[in-house]
Amino acid sequence: MLNSKQRAYLMKMASSISPIFQIGKSSLTSEIIEAVDAALEKRELIKISVLKNCADDPKELSEMIAERTRSQVVQVIGKKIVLFRVSKKKPVIELPKT
């Protein structure tokens, strides 16, 4: 679980990255979940964009993706979702201690 200091640190890092996935009218598919899972393993911190033609709420989508990929939601702003998960093979991001 992320504390507020760690969340703020990750939000600052996420502000400079671009979304690497877009969720559209087909909403969540198993392919998107697998791709997000692989991206989290490689990058640890990713941003996802929810398109206007997606009927689902971004907050609900973020919770479903986080649950299925065992990641943590850093933030949801408008239609942007930021997720974080420590890599099992090559951890890169070092979170500040409490």
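First, a word on scope: everything that follows refers to the structure included in this document. Note that this is a predicted model, so its numbers are computed, not measured. (Residues numbered from 1 in each chain as written. Predicted model: local features only at pLDDT ≥ 70, side-chain atom pairs only at ≥ 80, totals over all residues. Heavy atoms only, no water.)

## A short note on the sheet that holds strand S1 (residues 21–23)
For sheets, the rule is that strands pair by backbone hydrogen bonds, running either parallel or antiparallel. Quick note on the threshold: Each pair of strands is called paired provided DSSP finds at least two bridges between the two strands. Numbered from the N terminus, helices here are DSSP runs of H or I no shorter than four residues, and strands are runs of E no shorter than two. Here an angle of 0 to 180 degrees is reported between the N-to-C directions of two axes, which are lines fitted to C-alpha atoms, with helices fitted over the stretch in contact. Only heavy atoms matter for contacts: two residues are in contact if any of them lie within 4.5 Å across the pair.
Strand order in the open sheet formed by four strands is S1-S2-S4-S3, and the pairing between neighbours is mixed. One side of each edge strand has no neighbouring strand; the edge strands of this open sheet are S1 and strand S3 (72–77). On average, each strand axis in the sheet is inclined to that of its neighbour by 25°, with strand direction left out of account. As defined by bridge partners, S3 adjoins strand S4 (residues 80–84) across five bridges and the pair is classed as antiparallel. Paired with Gln75 across the two strands is Val82, which belongs to S4. Packed onto the sheet, helix H1 (residues 4–14) meets strand S2 (45–50), S3 and S4 and runs at close to 60° relative to S3. Of the strands in this sheet, S1, S2 and S4 touch helix H2 (residues 30–43), which is tilted by about 150° from S2.

## Description of the nonpolar core
So the rule is basically this: Put simply, a nonpolar core is a bunch of buried Ala, Val, Leu, Ile, Met, Phe, Trp, Tyr and Cys residues held in one set by side-chain atoms that sit within 4.5 Å of each other. Buried residues are those whose accessible area, probed at 1.4 Å on protein chains only, stays under 20% of the maximum for their type, while exposed residues exceed 50% and partly exposed ones sit between those limits.
Formed by 18 residues in total, the largest nonpolar core has its most connected members in Ile23, Val36, Ile46, Ile48, Ile65 and Leu83. For this core, the secondary-structure elements that each account for two or more residues are S1, H2, S2, helix H3 (58–69) and S4. Among the elements that make up this core, the one with the highest residue count is H2 (five residues). Ignoring any residue separated from it by four or fewer positions in sequence, one finds Ile46 in contact with Ile17, Ile20, Phe21, Val36, Ala39, Leu40, Ile81, Val82 and Leu83.

## Re the pairing of S4
Here S4 lies mainly inside the structure; four of its five residues are buried. Of the pairings in the sheet, the one linking S2 to S4 comprises five bridges and is antiparallel in character. Across the sheet, residue Ile46 finds its bridge partner in S4, namely Leu83. Where S3 folds back onto S4 in an antiparallel hairpin, the turn is made up of two residues, including Gly78, whose phi is positive at roughly 60°.

## Quick word on the side chain of Ser27
So the rule is basically this: In protein, a polar contact requires one atom able to donate a hydrogen and another able to accept it; more generally it is a pair of N or O atoms within 3.5 Å, and residues adjacent in sequence count only if both atoms are side-chain atoms.
Along the chain, the position of Ser27 falls in the loop between S1 and H2. The class for Ser27 is buried, based on a relative accessible area of 14%. Within the structure, Ser27 has its side chain in polar contact with the side chain of Asp56 (distance 2.3 Å).

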